[in-house]
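# Reading the structure
Here is what each chain is made of, one letter per residue.
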Amino acid sequence: MPDFVSKLLENNRNWVKNKLQTDPDFFNNLSSRHEPQLLWIGCSDARVPANQITGTKPGDVFVHRNISNMVVHTDMNLLSVLSYAVEVLQVKHIIVCGHYQCGGIRAAMSNTSFGLIDNWLRHVKDVYRLHLSELEAIKDENLRYNRLAELNVMQQVYNLCKTSIVQSAWQKGEFPYIHGWVYDVHDGILKDLDVTFNSHHPLPDLYKFDGI
Ligand code: CO
């Protein structure tokens, strides 16, 4: 086995040993329940690991990650995760977390073809088109990338709000709260974009479901 992969298994044994030294019941407790309060929808980027950057532990966060943290309403993977998180786990919060220096955002803003992924990134191009005048007014290219990363998070928050899964939960109670955050790979800081919702009221009427 290549050294890199063997090292991972060795790391795992050390991690188990350390956990058991501090808390002999660590795995017994973890295996007896799965009750995360939070669904995290983040980018697949290796530099943005949900647990580490939020100081949370195994068991705390239900995680879905894809390129550029998209909420695409025909994506069965996302919809299955969302449905399970909201209807079964009954998470209190959903955080869509984007990040600056996102390769997907950068690729979507270019005219280069990257193969199959062009089809996924077209959703990001659609966000760009929605905010064309604001983005084209930003002359600095990096600032424009960063602003699109923020606008993309906001759009994915709205996309979550538009799902029947989330709206159905809101008809029964106040949860889940949906938040949009962005992470800065340069300094490790998470920023709240102040797009928190727990009702469908801010949506255009066309997207509001009755009686579900
Ligand atoms: Co990214």
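### Here we look at the pairing of strand β3 (residues 93-99)
Judged by how many residues are buried, β3 sits mostly within the fold: six of seven residues are covered. Relative to β3, strand β1 (residues 38-43) is paired through five bridges, and the arrangement is parallel. Its bridge partner lying in β3, L39 is registered against I94. As paired elements, β3 and strand β4 (residues 177-183) share seven bridges and run parallel to each other. Counterpart to C97 in the pairing with β4 is W181.

### Considerations on the coordination of the cobalt ion
Around the cobalt ion, the protein contributes the donor atoms C43 (SG), H99 (NE2) and C102 (SG), which lie 2.0 to 2.3 Å from the metal centre. The class of H99 is buried, set by a relative accessible area of 1%. Using a relative accessible area of 5% as the deciding quantity, one classes C102 as buried.

### Points about the layout of surface pockets
Computed from the structure, the largest pocket encloses a volume of approximately 370 Å³. If you list the elements that add at least two residues to the lining of the largest pocket, you get α6 (117-130) and α8 (141-161). Broken down by element, the lining of the largest pocket gets its largest block of residues, five residues, from α6. Counted by class, the lining of the largest pocket contains seven nonpolar, six polar and three charged residues.

### Description of the packing of helix α4 (residues 76-88) against helix α9 (residues 164-172)
Running from N to C, α4 and α9 point in directions that differ by 10 degrees, and their axes come no closer than 9 Å. Here α4 is positioned roughly parallel relative to α9, judged by the angle of their axes. Within the contact between the two elements, α4 uses L79, L82, S83, V86 and E87 and α9 uses I165, V166 and A169. Residue composition of the contact of α4 with α9, by class: six nonpolar, one polar and one charged.

### As for the packing of aromatic side chains
Taken as a whole and judged by the stated rule, the model has seven aromatic pairs. Look at W40 and W181: their rings are 6.4 Å apart centre to centre, the planes differ by 80 degrees, and that puts the pair in the edge-to-face class. One end of the pair, W40, is in strand β1; the other, W181, is in strand β4, and 141 residues separate them in sequence. For the pair W40 and W181, one class covers both residues: buried.

### Observations regarding α9
What α9 keeps buried is the set I165, V166, Q167, S168, A169 and W170. Here the buried face of α9 lies against α4, α8 and β4.

### Some details on the nonpolar core
Most often, soluble globular proteins keep nonpolar side chains buried together rather than apart. Formed by 47 residues in total, the largest nonpolar core has its most connected members in L39, L82, I94, L148, V157, L160 and I178. Elements that contribute at least two residues to this core include exactly β1, α4, β3, α5 (103-108), α6, α8, α9 and β4. With nine residues, α8 is the single largest residue contributor to this core. Setting aside residues up to four positions removed in sequence, V157 forms contacts with V96, I178, H179, G180, V195 and F197. Residues L38, W40, V48 and C97 belong to the second largest nonpolar core, which totals nine residues.

Cut-offs used in this document
Residues numbered from 1 in each chain as written. Predicted model: local features only at pLDDT ≥ 70, side-chain atom pairs only at ≥ 80, totals over all residues. Heavy atoms only, no water. Buried < 20%, exposed > 50% of the residue type's maximum accessible area, 1.4 Å probe, protein only. Helix = DSSP H or I, 4+ residues; strand = E, 2+ residues; numbered from the N terminus. Pairing = 2+ DSSP bridges. Donors = N, O, S within 2.8 Å, 3.2 Å for Na, K, Ca; no water. 1 Å grid on protein atoms, 1.4 Å probe; cavity = no way out; pocket = protein on both sides within 12 Å on 5 of 7 lines; lining within 4 Å. Points joined across faces, edges and corners; volume = space filled by probe spheres on them. Nonpolar A, V, L, I, M, F, W, Y, C, P; charged D, E, K, R; others polar. Axes fitted to C-alpha atoms, helices over the stretch in contact; angles between N-to-C directions. Parallel < 35°, antiparallel > 145°, perpendicular 65-115°, else oblique. Contact = heavy atoms within 4.5 Å. Phe/Tyr/Trp six-rings, centres within 6.5 Å; stacked < 30°, edge-to-face > 60°. Core = buried A, V, L, I, M, F, W, Y, C linked by side-chain atoms within 4.5 Å.

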